[in-house]
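Examining the three-dimensional arrangement
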Amino acid sequence: MENLELVIDLHQHGDRQGPGGKSETERAITLASLDTSQHLKIADLGCGTGASTLCLANKLNADIIAVDFIPEFIEILRRNAEASNLSQHIHPKAGSMDDLEFINNELDVIWSEGAIYNIGFEQGINYWREFLKPKGVLAVSEITWLTDHRPDEIQAYWDAQYPEINTASSKIKLLEEAGYALLGYFVLPERCWLDNYYHPLQQRFAEFLDRHSNSDDAQDLVEAEKQEIQVFEQFKAYFSYGFYIASKLP
Ligand SMILES: C[S@@+](CC[C@H](N)C(=O)[O-])C[C@H]1O[C@@H](n2cnc3c(N)ncnc32)[C@H](O)[C@@H]1O
């Protein structure tokens with residue numbers, strides 16, 4: 001089995017595919033100060049199986065185009081939307097966040113939780129901006145340094161994983177330079193990583209290894225996930241996801 005297929009199999013059974021939480025999505029919705037009297041058009045980019053999409057659809061009067069490049073995740077979201085009676089508001093679509101089919105000034109909101117890193121924060125905020133209406137809202141969570149100084153070990157780890165990691169002040173500066181005004185910012189608390197993401201993932205390891213007859217590739221994937229969790233446990237004082245909410249300047 002290809003490694004991507006294993007990654008999909010390990011992650012598709014989770015409620016979410018990265019750190020986050022329902023109350024944090026709701027907090028970002030509040031900070032966005034959206035006009036709830038209006039019908040909104042929202043894109044949720046890198047939606048995974050749709051934890052944030054379902055929350056947005058429950059809270060807002062909106063049509064949500066939910067995009068992820070893994071068709072298996074999109075299919076699960078489609079089923080979950082049907083089961084929640086939200087399928088008339090949720091439009092799942094397999095596709096890439098760096099090749100979108102929206103037209104300029106089409107969207108009221110672009111949402112993306114734990115996913116913009118796939119194309120890089122700077123590229124993402126600049127590319128997506130054209131699809132937002134003037135004063136439209138961008139809400140993204142992005143890996144962020146919590147301190148100005150940090151141990152060499154964690155610096156080297158993230159330099160290898162995602163060299164665009166930076167402090168909130170640097171990310172906010174990039175948003176301002178790209179033509180956004182900050183509406184709000186907060187840090188995802190530890191429970192978004194542990195209770196909502198890593199602990200459920202750990203509970204799936206044994207079944208996953210059984211399903212794949214303890215193949216070398218399956219064991220390697222589980223080891224890599226365990227190592228990621230250990231890095232978080234050891235260095236969580238220094239990094240988290242920052243949630244950035246900003247509006248497009250006309
Ligand atoms: C860390 S997961 C977060 C998923 C979801 N937003 C959540 O919070 O549970 C990142 C997601 O981005 C998706 N992804 C990666 N590269 C992508 C791309 N180029 N276009 C669209 N989705 C992508 C992955 O398939 C995955 O579902």
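Residues numbered from 1 in each chain as written. Predicted model: local features only at pLDDT ≥ 70, side-chain atom pairs only at ≥ 80, totals over all residues. Heavy atoms only, no water.

1. Here we look at the packing of aromatic side chains
Centre distance and the angle of the planes are the two values used to describe a pair of aromatic rings. Condition: Each Phe, Tyr or Trp ring, with Trp reduced to its six-membered ring, pairs with another whose centre is within 6.5 Å; inter-plane angles below 30 degrees give stacked pairs, above 60 give edge-to-face pairs, and intermediate values give tilted ones. Burial here depends on accessible area, computed with a 1.4 Å probe over protein chains only, as a share of the maximum for the residue type. Under 20% is buried, over 50% is exposed, and the range in between is partly exposed. Helix and strand definitions here come from DSSP, where helices need a minimum of 4 consecutive H or I residues and strands a minimum of 2 consecutive E residues; each element is numbered from the N-terminal end.
This structure, assessed with the given rule, holds 17 aromatic pairs. Plain terms: the ring middles of Y127 and F131 are 5.3 Å apart, the flat faces sit at 85° to each other, and that makes the pair edge-to-face. Here Y127 falls in the buried class, since its relative accessible area comes to 19%. By relative accessible area, which is 3% here, F131 ends up buried. Residues W158 and F239 carry aromatic rings whose centres are separated by 5.3 Å and whose planes lie at 70° to one another, so their mutual orientation is edge-to-face. Here F239 lies in strand β8 (residues 239-248) and W158 lies in helix α6 (residues 152-161), a separation of 81 residues in the sequence. We note that W158, like F239, is buried. Through a chain of ring-to-ring contacts, three or more aromatic side chains come together here, namely Y157, W158, W193, Y197, Y198, F232, F239 and Y241.

2. Describing the site of the ligand
Stated formally: Nearness is judged by heavy atoms alone; a residue qualifies as near a molecule or strand once a single heavy atom is within 4 Å of it. Polar contacts, as counted here, are pairs of nitrogen or oxygen atoms within 3.5 Å of one another; within protein the pair requires one atom able to donate a hydrogen and one able to accept it, and residues that are adjacent in sequence qualify only if both atoms are side-chain atoms. Asp, Glu, Lys and Arg are counted as charged, while Ala, Val, Leu, Ile, Met, Phe, Trp, Tyr, Cys and Pro are counted as nonpolar; the rest, among them Gly, fall into the polar class.
Near the ligand there are 18 residues, and of these Q17, G46, D68, M97 and E113 occur at the shortest range. R16 places a polar side-chain atom, nitrogen or oxygen, 3.3 Å from an oxygen atom of the ligand. Between the ligand and D68, the relevant distance is 2.6 Å, taken from an oxygen atom to a side-chain nitrogen or oxygen of the residue. Across the shell around the ligand, the residue classes tally to seven nonpolar, eight polar and three charged.

3. Some points on the pattern of salt bridges
The following threshold applies: Salt bridge criterion: a side-chain nitrogen from Lys or Arg within 4 Å of a carboxyl oxygen from Asp or Glu.
As enumerated under the stated definition, the model contains 14 salt bridges in all. For K22, the salt bridge identified is with E26, shortest N-O distance 3.3 Å. Placement of both K22 and E26 in helix α2 (residues 22-32) is noted, with a separation of four residues, approximately one turn of the helix. For K93, the salt bridge is made with E101, and the minimal N-O distance between the two is 3.5 Å. Taking the relative accessible area as the measure of exposure, K93 reaches 35% and is therefore partly exposed. E101 gets classed as exposed once you look at its relative accessible area, which sits at 66%. The structure contains a network of salt bridges with shared partners spanning K22, E26 and K59.

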